[in-house]
Amino acid sequence: MATRTGAQSPALHAADSHDLIRVVGARENNLKDVSIEIPKRRLTVFTGVSGSGKSSLVFNTIAAESQRMINETYSAFVQGFMPTLARPEVDVLDGLTTAITVDQQRMGADPRSTVGTATDANAMLRILFSRLGKPRIGPPSAYSFNTASVRASGGITVERGAAKTKTVKATFHRTGGMCTRCEGRGSVSDIDLTQLYDDSKSLAEGAFTIPGWKSDSQWTVQVYAQSGFVDPDKPIRKYTKKELQAFLYGEPVKVKVNGVNLTYEGLIPKIQKSFLSKDKEAMQPHIRAFVERAVTFTTCPECDGTRLSEGARSSKIKRISIADACAMEIRDLAEWVRGLKEPSVAPLLTALQQTLDSFVEIGLGYLALDRPAGTLSGGEAQRVKMIRHLGSSLTDVTYVFDEPTIGLHPHDIQRMNGLLLRLRDKGNTVLVVEHKPEAIAIADHVVDLGPGAGTAGGTVCFEGPLEGLRGSDTVTGRHLDDRATLKETVRKSTGALEIRGATANNLRHVDVDIPLGMLTVITGVAGSGKSSLVHGSIPTDEGVVSVDQAPIKGSRRSNPATYTGLLDPIRKAFAKANGVKPALFSANSEGACPNCNGAGVIYTDLAMMAGVETTCEDCEGKRFQASVLEYTLGGRDISEVLAMSVAEAEEFFGSGEAHTPAAHKILDRLADVGLGYLTLGQPLTTLSGGERQRLKLATHMGDKGGVYILDEPTTGLHLADVEQLLGLLDRLVDSGKSVIVIEHHQAVMAHADWIIDLGPGAGHDGGRIVFEGTPADLVSARSTLTGEHLATYVGT
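Rules behind the numbers
- Residues numbered from 1 in each chain as written.
- Predicted model: local features only at pLDDT ≥ 70, side-chain atom pairs only at ≥ 80, totals over all residues.
- Heavy atoms only, no water.
- Helix = DSSP H or I, 4+ residues; strand = E, 2+ residues; numbered from the N terminus.
- Contact = heavy atoms within 4.5 Å.
- 1 Å grid on protein atoms, 1.4 Å probe; cavity = no way out; pocket = protein on both sides within 12 Å on 5 of 7 lines; lining within 4 Å.
- Points joined across faces, edges and corners; volume = space filled by probe spheres on them.
- pLDDT = per-residue confidence, 0-100.
- Salt bridge = Lys/Arg side-chain N within 4 Å of Asp/Glu carboxyl O.
- Buried < 20%, exposed > 50% of the residue type's maximum accessible area, 1.4 Å probe, protein only.
- Pairing = 2+ DSSP bridges.
- Axes fitted to C-alpha atoms, helices over the stretch in contact; angles between N-to-C directions.
- Patch = residues over 30% accessible without salt bridge, like charges linked within 9 Å, V, L, I, M, F, W, Y side chains within 5 Å.
- Areas by Shrake-Rupley, 256 points an atom, 1.4 Å probe, with all protein chains shown as cover.
- Core = buried A, V, L, I, M, F, W, Y, C linked by side-chain atoms within 4.5 Å.

Colleague: Explain the side chain of E65 to me, and be specific about the residues and the numbers.
Modeller: Looking at the element boundaries, E65 is found in helix α1 (residues 54–71). In this view, E65 contacts R87, P88, L93 and L96; residues no more than four positions away in its chain are not counted.

Following this line, the structure appears as structure tokens:
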């Protein structure tokens, strides 16, 4: 067939013209009518200071609308079982593809959830043992610590037409693998009675040490003192067995106290109902601290922490039980599975092998399948979620990542970059929210939001290639090439925190002296034993304040003012100025608007359709009764105060009629950690991961402790904010505190007075001290992975 010379190339097919995701007029959260075009099948990185609107654009607008539209393709019946999603505040969203969100939300802290159950690896192992395990004990459920053994028998009625009914004897039997003692949790909890009362005192002498129970006039205390079950004038340690049983475990009974009918109940069930059944993170700081002290967890003595019954542990393949397999490091388990050659389960072995190899490839080979999911860091949880997508055959999907380099050593970031590029090269659109320069460097397209945070952000400051960002005058562009320098002189140690023979998790009898009076950084690759050394070996006495990465939860009623305890002095100041009760100034108490119960909105549930929130007409969203808003302090009512930013409130409570030292002190700490832009009444549910951790840090800065332990405080911090954090750490040390930081960020390492590097690898390849000394010595030695990367960072 002849071809025409000089023929023009065929016109672009209409289907190939949809190569952009187009966003017009996005107004979600703090976004200010953002309009932007994002290239498909490319890697786009979204940058900007914390709170600038990155997550609002990527997660709450693009990913949320994609998910909502997919949900609408299901029947109304199916949608009734799915989470309901409202349409984001945006005018136009074009070119969307299926979005898969891989966020840094911690995995559920349910004690029954492990790495194995979260990734289907456990399900495959259970089937494997039910087929090959000797002795054979039953179906896959017999190897599950979430399934209890059940036996039942009795008569059942069988209906066969109008007049044909008969009773048949039936027996039901299910074999489960759950340990009956701990119910599959691996640990048993107990209440430390020494934290509840001083047994050398009597009730009349104020024996209770429970927050809020110290007053003799307090009704709860009076119920115990006047119940008649115990002698209020006798020291608790001298109670008879009968008295102690009634005091600690008594059943609820009605008693009369000062002529009032009240319910008496044993102290243990009373504490469980009053404190332990509530969300710990929603409690006031001093009550939260009490609960953490009072509840102790110990390894289950029957299953030795494996969660499994004796039968499940007795069934083995090549002398390995399912408990042994789940306790292995995943890279070792992968090798063990590779050695199993059984044609009858070949497809299962192949699938299990692929899943385990994905763990190793993504840098999580040091984990074990029995690791509780709630103990994973944000970065580890995010990478675990990535596993099911690595071998996926799907293309033209939008993958959305929230700071995938969190918790990663510089050495591991290169591997993560490779995985992101691999997803892109398969024809997918990859959207990444990031702060680390090494991750921004691989972007095909960069979108920088800002210029500030909160109301000062929400606009697109730059979009284009990386080189364009470097030359732009945005906050990110100016700080992209920032490099912290090594200190010329470091502080002198004022003492040492001695750790001897530490063996927690993978630590190998570690002996180390952590210097006091200095800024000490503990570093090493992910899984090398940093958290085990710090959180598992340093005694948490009253002089140690630990700020870990455990997420702070809270409902839409929780906000920075309630979480930090700031609202208490504010309520008291309003009450004192107006001669009324402090409870009036709480939207969760007497002052709440009766129409919306202090929520500020009326929520209408529309079943499988997105619920509708409408601003309460009575209080106009202010959450308080109109009569409460007539009371003012410094010319502002309580709703106006809660609408202030931290920076505004700091000035407001700092002087003049509203001068409140207790409130000002807390506001100072919030501003210190870089949260000056947050509003006092902003729901905790709207805060990013980094903002929540800094909120926790600000709360703990008021604790009376000499040693501060911080777990990756740069999480979620923009390059420009890291400098402010370093200043805060310096101020803490200069005020006489000792600061110990677990950190991967090279700027923090370079700024340290002393570095302790763990390694050389992860899991059983780590757990040793490979370097301790000054940052300058680490750079000049270049003897570890951290030393190599830090030397490159500081340019030596």
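Colleague: Give a detailed account of empty space enclosed by the protein, specifying residues and quantitative values.
Modeller: Tallied over the full model, the rule gives five cavities of 30 Å³ or more. Counted as a void, the largest cavity has a volume near 140 Å³. Taken together, 19 residues make up the lining of the largest cavity; nearest its centre are E403, K436, T714, T715 and G716.

Colleague: Help me get a handle on the confidence of the model for the protein chain, residues and values and all.
Modeller: Taken over all residues, the pLDDT of the protein chain has a mean of 85, while the share at 70 or more is 93%. Segment residues 1–7: pLDDT under 50, and zero contacts once partners within four positions in sequence are set aside and those in other chains are kept.

Colleague: Before we move on, could you go through the pattern of salt bridges and cite the residues and values that matter?
Modeller: A full pass over the atoms with the stated rule returns 30 salt bridges. Its salt-bridge partner being E243, residue K234 comes within 2.9 Å of it at the nearest N-O pair. Here D357 ties to R338 by a salt bridge, and the two come within 2.9 Å at their closest N and O atoms. Within this pair, whereas D357 is found in helix α12 (residues 346–361), its partner R338 is found in helix α11 (residues 330–338), the two being separated by 19 residues in sequence. Judged by relative accessible area, D357 falls into the partly exposed class, the value being 29%. Relative accessible area serves as the criterion here: at 33%, R338 is assigned to the partly exposed category. Residues joined in a network through salt bridges with shared partners are K487, R491, D730, D734 and D753.

Colleague: Describe the sheet that holds strand β16 (residues 445–450), naming the residues involved and giving the relevant values.
Modeller: Overall, mixed pairing links the six strands, which are arranged β5-β14-β15-β3-β16-β17 in an open sheet. Sheet topology places β5 (99–102) and β17 (459–464) at the edges, where each strand pairs with a single neighbour. In this sheet, adjacent strand axes meet at a mean angle of 15° when their direction is disregarded. With four bridges connecting them, β5 and strand β14 (residues 398–402) associate as parallel partners. Each bridged residue has a counterpart across the sheet, and for T101 the counterpart in β14 is V400. Strands in contact with α1 are β3 (43–47), β5, β14, β15 (429–433) and β16; relative to β5, the strand with the most contacts, it is inclined by about 135°. Sitting on the sheet, helix α14 (residues 410–425) touches β3, β14 and β15, and the angle it makes with β15 is about 150°.

Colleague: Go over a nonpolar patch on the surface with me, naming the residues and quoting the values.
Modeller: On the surface, a cluster of nonpolar side chains totalling about 470 Å² of accessible area is made up of Y74, F77, V78 and F81. If you trace the backbone, F77 turns up in helix α2 (residues 76–79).

Colleague: Describe the nonpolar core, naming the residues involved and giving the relevant values.
Modeller: Generally speaking, soluble globular proteins have nonpolar side chains that are buried together. In this structure, I570, I638, F653, L680 and V739 are the most contacted members of the largest nonpolar core, which totals 71 residues. Those residues in contact with F653 that lie beyond four places of it in its chain are I570, L633, V641, A658, H659, T660, A663, H664 and L667. One finds L128, F359, I362 and A526 within the second-largest nonpolar core, a separate group that totals 69 residues.

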